[in-house]
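# Commentary on secondary and tertiary structure
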Amino acid sequence: MTAPAPAIDRPGPPEAQPGEKPLKVVPARHPWRWAATAVTLVLIAMAGNALVTNPAWDWHFVGQYLFYETVLRSVGVTLRLTVLGIVLGFLLGTVIALMRLSASPLLTTVAWGYVWLFRSVPLILQLLFWFNLALLYDQISFGIPFGPSFFAVGTMDLIGPMTAATLGLALHQAAYAAEIVRSGFLSVDQGQLEAAAALGIPRGRQVRRILLPQAMRSIVPNAGNEIIGMVKGTSVVYIMAIPELFYQVQVIYARNGRVIALLLVAAIWYLLLTTVLSIVQYHVERHYARGAVRTLPPTPLQRVRRFAGTVAAARRQRRAGREQFAADLAGER
Amino acid sequence: MVELRGIHKSFGPLEVLRGIDLRVRAGEVVVVLGPSGSGKSTLLRCVNHLEKVNRGSVRIDGELIGYRRTGNRLRELKEREILRQRTHIGFVFQNFNLFPHLTALENVAEAPVAAQGRPRREVRELAAELLDRVGLADRADAYPRRLSGGQQQRVAIARALALRPKVLLFDEPTSALDPELVGEVLEVMKDLARAGTTMVVVTHEIGFAREVADTVVFMDGGVIVEQGPPDEVLDRPKHERTRSFLAKVL
């Protein structure tokens, strides 16, 4: 038996050790992975080249119109429609979800019917209905149901194009939101509410503090989908001549003929909005993952920082090793 | 203290409890044994009105649970009233049912703040004390998923204690645990029993019953077959059904 090799703290090739030569580990090679990477790089380069070198894309017009005042204002309208549609949609959707989960057969049926109706009729059709509501009812009166009315307003005055669009988007969204919220509630273990009830926690607090935070785990990813869908979905209201992003770029290119450039402007703005929303969604999801996973994975930012940290540490260690080695050599001499 | 009279409970056509009478004195530890499907858990759930009885009454310190009596009728109480009554009845579940998004300390502190409106700071101190009592002072900030089954059940016991209940109900508290974790939970329960806590424990741990119980109740087919001190029921059972059950589990 050879004596165990003395531990050396000096880095270097393993062959440098005295005694038996340690076995060297050779990682498996992946030639196809390298080939696929190369092919993909070439394809990306080709796509980039096609985008940049073809003058028909009109890139400098894109830059010029991206922050054009009417364009910015139309982005504002798109944002407003999105926020109103989603907030109102999810508020109503939550009510419908609670109705659907209630013990009353009438409420359950009405909730089911709502979802059935508003999910089945195309959004564009619904929007046109609301837009033309005045054709159906020229006055809307407020009062006691089937009894006297206190006052009445003309439908045209109450529901302008913007209101009609908001109403249409929100009511349509509510049908989808109801199902998302319902699935979230159903995903929470029945034992949770039982435990809360056994502890005497009041009903409202059971929902807010116990049910909702856990339901959010499954609600947030689906809601994220819906919100991003809504950002783009608002473009449908162009048929009502509302100056949102898509309608506005159409107006501009009808005037100056720069069709591609302006479509690009719209695409870039939609991309920007959805990117911001995706980042927000990521962090909201992390928030609700508390306790659900053993340790939260680091955010991309933390990951970059950590990577930079390990690279720096490795470099420091290598340098320290080299200096130590040099010092040892000097000492042996 | 706890008084059950003529409890009947059916799920559809299935009659789970068929006339249960049981008295638990203050400071007494009652262990309920019986084969699965004998109605033990249902009985426990009837005590804090998680299940509604079809007939019979539950009283704790003389107060009817879940109902109000007018003449010969029992009218179900409003949910708010029932929730208030439940704060006097601690319940420990087989599957712990800890709130996974709250830390151990928050789990314990939730109900006293939410249900009893006690000041948050005082409750947090109490929660820390209770966690210390079940041997988990150092895990106060851990989320349930980072705790072992035995630790989770001990947090659940602390959570039930935080309301300062008059009686603690345990629904098979060790059945979901790995065998080597059962001991730590039973140890905590023994401590509670020694401290004079009134407890009703549904379990399969015969050793626990023998050591801690004042009264052992044997149930089968929705009725109480026999009850008495542990040495009587466990060592000299009068009924054939008790004998054959004990022969199987011992």
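Note that the structure is predicted; figures quoted are calculated from it, not measured.

Residues and elements named next belong to chain B. Where strand β6 (residues 67–70) and strand β7 (residues 73–76) come together, four bridges link them in antiparallel fashion. Of the residues in β7, the one forming a bridge with R69 is L74. Remark: two residues form the turn of the hairpin made by β6 and β7, two consecutive strands paired antiparallel; G71 in that turn has positive phi of roughly 65 degrees.

Right, let's talk about the confidence of the model for chain A for a bit. On average, residues of chain A carry a pLDDT of 88, and 93% of them reach 70 or more. Looking across chain A, the model is least confident in helix α7 (residues 155–158) of chain A, with a mean pLDDT of 76, and most confident in helix α4 (residues 105–120) of chain A, with 96.

To continue, consider the UniProt feature "domain: ABC transporter" (unreviewed entry) in chain B. Look at the UniProt record and you will see "domain: ABC transporter" (unreviewed entry) annotated at residues 2–246 of chain B. With 38% helix and 27% strand, the stretch residues 2–246 of chain B has end C-alpha atoms that lie 27 Å from each other.

Turning our attention to the environment of A:A170. Residues and elements named next belong to chain A. Inspection of the secondary structure assignment puts A170 in helix α8 (residues 161–187). A relative accessible area of 6% places A170 in the buried class. As for A170 and A38, which are separated by 132 residues in sequence, their C-alpha atoms are 47 Å apart. The contact partners of A170, leaving out residues within four places of it in the chain, are G85, L88 and G89.

Right, let's get into the packing of α4(A) against α8(A). Residues and elements named next belong to chain A. Between α4 and α8, whose axes approach to 8 Å, the crossing angle comes to 125 degrees. One element, α4, and the other, α8, form an angle in the oblique class. For the crossing formed where α4 meets α8, the hand is left-handed. Packed against α4, whose contacting residues are Y114, V115, F118 and R119, the element α8 presents L171, H172, A174, A175, Y176, A178 and E179 at the interface. For the contact of α4 with α8, the per-class residue count stands at eight nonpolar, one polar and two charged.

Sheet strands pair by backbone hydrogen bonding; their relative direction is either parallel or antiparallel. All names here are of chain B. Within the open sheet, the four strands sit side by side as β2-β1-β4-β5. Their pairing is antiparallel. Each having just a single partner strand, β2 (14–24) and β5 (63–64) make up the two edges of the open sheet. In terms of strand pairing, strand β1 (residues 2–11) meets strand β4 (residues 55–60) through five bridges, oriented antiparallel. Paired with R5 across the strands is S57, a residue of β4. Along the sheet, helix α1 (residues 40–47) contacts β1, β2 and β4; its crossing angle with β1, the most-contacted strand, is approximately 120 degrees.

Before going further, it helps to examine the packing of aromatic side chains. Counting across every chain of the model gives nine aromatic pairs over all chains. Seen from their ring centres, A:F142 and A:F151 are 5.0 Å apart, and the 20 degrees between their planes marks the pair as stacked. What makes A:F151 partly exposed here is its relative accessible area of 48%. Taking the centre distance of 5.3 Å and the plane angle of 80 degrees together, the rings of A:Y238 and A:F246 count as edge-to-face. If you follow B:R159 out to its NZ or CZ, it ends over the ring of B:F99, 4.7 Å from the centre.

What follows covers the interface of chain B and chain A. Taken together, the 27 residues of chain B in the interface contact 24 residues of chain A. For the pair chain B and chain A, the two sides together bury roughly 2,300 Å², of which 55% comes from carbon and sulfur. Three residues stand out in chain B for area buried against chain A, namely B:F99, B:H101 and B:R145, and they jointly supply 25% of the buried area on that side. Here chain B and chain A share four salt bridges between them. For B:E110, the salt bridge is made with A:R205, and the minimal N-O distance between the two is 2.9 Å. Remark: the boundary between chain B and chain A carries eight residue pairs in polar contact (both at pLDDT 80 or more).

Cut-offs applied
Residues numbered from 1 in each chain as written. Chains lettered and ligands numbered in written order. Predicted model: local features only at pLDDT ≥ 70, side-chain atom pairs only at ≥ 80, totals over all residues. Heavy atoms only, no water. Pairing = 2+ DSSP bridges. Helix = DSSP H or I, 4+ residues; strand = E, 2+ residues; numbered from the N terminus. pLDDT = per-residue confidence, 0-100. UniProt positions renumbered as here; feature names shortened; annotations may be inferred. Buried < 20%, exposed > 50% of the residue type's maximum accessible area, 1.4 Å probe, protein only. Contact = heavy atoms within 4.5 Å. Axes fitted to C-alpha atoms, helices over the stretch in contact; angles between N-to-C directions. Parallel < 35°, antiparallel > 145°, perpendicular 65-115°, else oblique. Left-handed = near helix turned anticlockwise from the far one by under 90°. Nonpolar A, V, L, I, M, F, W, Y, C, P; charged D, E, K, R; others polar. Phe/Tyr/Trp six-rings, centres within 6.5 Å; stacked < 30°, edge-to-face > 60°. Lys NZ or Arg CZ within 6 Å of the ring centre and 35° of its normal. Buried area = accessible area lost by both parts, 1.4 Å probe. Salt bridge = Lys/Arg side-chain N within 4 Å of Asp/Glu carboxyl O. Polar contact = N/O pair within 3.5 Å; in protein donor to acceptor, adjacent residues only side chain to side chain.

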